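# Notes for the structure review
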Amino acid sequence: MKKFKNILYVSQGQSSESDSIRQALRLSSNNNAMLNGLIVSPPLPGHMEQYQQLYRGSLFKSIEQQISSVRQSDSITESQTPFPLQLACDDHPAVSIIRAVNHNDYDLVIKDAEPIEKDGEGFKAIDMTLLRKCPCPVWLNRTTHHKQGRRRVAVAIDPTANNDEHHRLSLRLLQLAQSIADSCHTRLEVISCWEYPLERYLHNNVWIKIEDDELNKQIALAQKHHREALDQLIKESQISDNIQVNHIHGLADEKIAVCVDKQDIDILVMGTLARTGIPGFIIGNTAENILQTVKCSLVALKPAEFVSPII
């Protein structure tokens with residue numbers, strides 16, 4: 001089971017209806033991990049310098065009240081789980097967050113996802129920068145109607161690893177997702193999409209005539225090989241048997257968000273891959289498309305070899 005040891009909670013200085021603070025405190029308490037808070041907020045204009053102290057104080061007070069409320073409801077004392085706060089007032093909050101991660105070796109960032117319009121999808125600017133460039137796992141939390149102990153957790157997996165980096169990331173995804181599902185007292189939903197590479201092209205090509213039986217045979221073979229690779233990966237990860245595999249025919253960037261909605265998933269765990277040898281992180285097209293369509297909370301991992309371009 002994944003154990004976090006050094007967690008950073010990030011607030012943009014506003015009251016929130018989500019339970020990111022509760023998640024941070026519970027994870028810290030359950031894992032015996034260090035927990036620090038960082039409030040990121042734009043600075044006041046120069047002509048309002050006389051209000052600077054009051055402004056900073058109000059930011060601290062708002063978060064401290066939310067922390068106190070969670071401590072009382074969850075019986076997590078300050079001596080048991082300290083939660084010191086720092087403030088960064090600048091025009092580049094994502095940079096401040098990533099620098100804090102780099103300088104303090106945090107192994108998880110928990111943050112409210114930036115608000116989106118009603119019925120909106122995806123993530124906004126600060127969150128996308130963290131997804132692209134933050135070196136440690138990022139948990140972008142959204143409000144859910146399910147109670148804390150009954151949330152539904154899913155992990156998106158591609159078992160067709162083309163290198164060791166991809167394979168190691170897939171194992172970490174399964175193990176982390178299982179750990180989160182265990183904390184929610186729920187089974188883990190494994191989502192994996194497969195498709196015969198030339199299927200759509202050959203089905204609709206008027207110039208190339210392939211017998212249906214032959215094409216269907218190749219499609220069935222692709223499904224079989226993909227499922228065998230997925231089962232082997234799950235076995236290697238040594239996660240529990242309390243899982244449900246959703247082996248879906250279709251493209252991941254089209255089908256994953258649909259499955260998440262259909263299964264009423266609260267938390268999706270997925271990976272974002274770096275291009276080997278290129279400093280900095282580039283999200284692939286598939287991951288980018290998925291990130292722009294999901295409406296639930298997201299826990300995103302990068303390969304262990306990833307180095308952030310922000311120092």
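Residues numbered from 1 in each chain as written. Predicted model: local features only at pLDDT ≥ 70, side-chain atom pairs only at ≥ 80, totals over all residues. Heavy atoms only, no water.

## Looking at the confidence of the model for the chain
Averaged over every residue, the pLDDT of the chain is 87; residues scoring 70 or more account for 89%. The secondary structure element of the chain with the lowest average pLDDT is helix α6 (residues 199–203), at 67, and the one with the highest is strand β1 (residues 6–11), at 97. (pLDDT = per-residue confidence, 0-100. Helix = DSSP H or I, 4+ residues; strand = E, 2+ residues; numbered from the N terminus.)

## Remarks on the pattern of salt bridges
Counting across every chain of the model gives 10 salt bridges. One salt bridge connects D74 with R26, and the closest N-O pair in it is separated by 2.7 Å. Of this pair, D74 sits in helix α2 (residues 52–74) while R26 sits in helix α1 (residues 20–31), and the two are 48 residues apart along the sequence. Its relative accessible area of 29% is what places R26 among the partly exposed residues. Measuring nitrogen to oxygen at the nearest pair gives 3.0 Å for the salt bridge that ties E288 to R132. Taken together, the residues E288 in helix α9 (residues 285–291) and R132 in helix α4 (residues 125–133) connect sequence positions 156 residues apart. (Salt bridge = Lys/Arg side-chain N within 4 Å of Asp/Glu carboxyl O. Buried < 20%, exposed > 50% of the residue type's maximum accessible area, 1.4 Å probe, protein only.)

## With respect to the pairing of strand β10 (residues 297–301)
Here β10 lies mainly inside the structure; five of its five residues are buried. Because side chains alternate across β10, one face comprises the buried residues S297, V299 and L301, and the other comprises L298 and A300, equally buried. In the sheet, strand β5 (residues 138–141) pairs with β10 via three bridges, with the strands oriented antiparallel. The residue bridging V138 from the neighbouring strand is A300, located in β10. Here strand β9 (residues 267–271) pairs with β10 via five bridges, running parallel. Looking at β10, one finds that L268 is bridged to L298. (Pairing = 2+ DSSP bridges.)

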